[in-house]
Amino acid sequence: QLQLVESGGDLVQPGGSLRLSCRDTRGFALDDYVVGWFRQAPGKERETVSSISNSGRSTYYRDAVKGRFTISRDNLNNRVNLQMDNLKPKDTAIYSCAATRSGPNSDYVARSPYEWEQWGQGTQVTVSS
């Protein structure tokens, strides 16, 4: 069982950028997991923003963030990062890192928030002028 923790959330103006980072608090590798991010805004349903396969070859982005967000693995530091550019007020939400165990060298990516097995507490992202 992982103990996921997120960092990087902040208040930023529209058009700004943030970089979220996810890791296990004990430094465990994330190699055996598909890892991603979901977000939840007040009064709205949870939605998966992006995910990356454990092979690193496959990625998923929901339509609303395509071309603005980039997910990546940093296997040297056992982290998964989400670079968020050109942020919009509608991106305001709590962003949580999530993981699901997958087979070795798998290209599986999670799209639905119901596919996640474990997740962290979340980090607040607020986009406002």
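In this text the structure is predicted, and so the values were computed from the model without any measurement.

Student: Explain the side chain of Ser 50 here, please?
Tutor: Tracing the chain through its elements places Ser 50 in strand β5 (residues 47-52). At 2.9 Å, the side chain of Ser 50 and the backbone oxygen of Tyr 60 are in polar contact. Residue contacts for Ser 50: discarding those within four places in its chain leaves Gly 36, Trp 37, Tyr 60, Tyr 61, Ile 71, Leu 82 and Trp 116.

Student: What is the right way to read the packing of aromatic side chains from this model?
Tutor: Two aromatic rings are characterised by how far apart their centres lie and by the angle between their planes. For the structure shown, the criterion picks out one aromatic pair. On the basis of an interplanar angle of 80° and a centroid distance of 6.0 Å, the ring pair of Phe 38 and Trp 119 is categorised as edge-to-face. Of the two residues, Phe 38 sits in strand β4 (residues 33-40) while Trp 119 sits in strand β10 (residues 118-119), which places them 81 residues apart along the sequence. The class of Phe 38 is buried, set by a relative accessible area of 3%. Of note, Arg 46 hangs over the ring of Trp 119, and the distance from its end group to the ring centre comes to 5.2 Å.

Student: Looking at this model, I keep getting lost on the pattern of salt bridges. Mind explaining?
Tutor: When the charged atoms of two side chains with opposite charge come close together, those side chains can pair. Counted under the stated rule, the structure contains seven salt bridges. A salt bridge links Lys 66 to Asp 63, with the nearest nitrogen and oxygen atoms 3.1 Å apart. For the pair formed by Lys 66 and Asp 63, the shared burial category is exposed. Between Asp 91 and Arg 68 there is a salt bridge, with its nearest N and O atoms 2.7 Å apart. In this pair, Asp 91 is assigned in the loop between β8 (79-84) and β9 (93-101) and Arg 68 in the loop between β6 (59-61) and β7 (69-74), connecting sequence segments 23 residues apart. Taken individually, Asp 91 and Arg 68 each receive the classification buried, so the pair is uniform in this respect. Sharing partners across several salt bridges, the network here consists of Arg 39, Glu 47, Arg 62, Arg 68 and Asp 91.

Student: Which parts of the structure should I look at to understand the state of the cysteines?
Tutor: Here a disulfide denotes one covalent bond, and it connects the sulfur atoms of two cysteines. Applying the stated criterion to the full structure yields one disulfide. The residue that forms a disulfide with Cys 22 is Cys 97, at a sulfur-sulfur distance of 1.8 Å. Between Cys 22 and Cys 97, the S-S torsion sits near -70°, and that sign places the bridge as left-handed. On the criterion of sequence distance, the pair formed by Cys 22 in strand β3 (residues 18-24) and Cys 97 in strand β9 is long-range, its members being 75 residues apart. Note on Cys 97: relative accessible area 0%, which makes it buried.

Definitions and cut-offs
- Residues numbered from 1 in each chain as written.
- Predicted model: local features only at pLDDT ≥ 70, side-chain atom pairs only at ≥ 80, totals over all residues.
- Heavy atoms only, no water.
- Helix = DSSP H or I, 4+ residues; strand = E, 2+ residues; numbered from the N terminus.
- Polar contact = N/O pair within 3.5 Å; in protein donor to acceptor, adjacent residues only side chain to side chain.
- Contact = heavy atoms within 4.5 Å.
- Phe/Tyr/Trp six-rings, centres within 6.5 Å; stacked < 30°, edge-to-face > 60°.
- Buried < 20%, exposed > 50% of the residue type's maximum accessible area, 1.4 Å probe, protein only.
- Lys NZ or Arg CZ within 6 Å of the ring centre and 35° of its normal.
- Salt bridge = Lys/Arg side-chain N within 4 Å of Asp/Glu carboxyl O.
- Disulfide = S-S within 2.5 Å.

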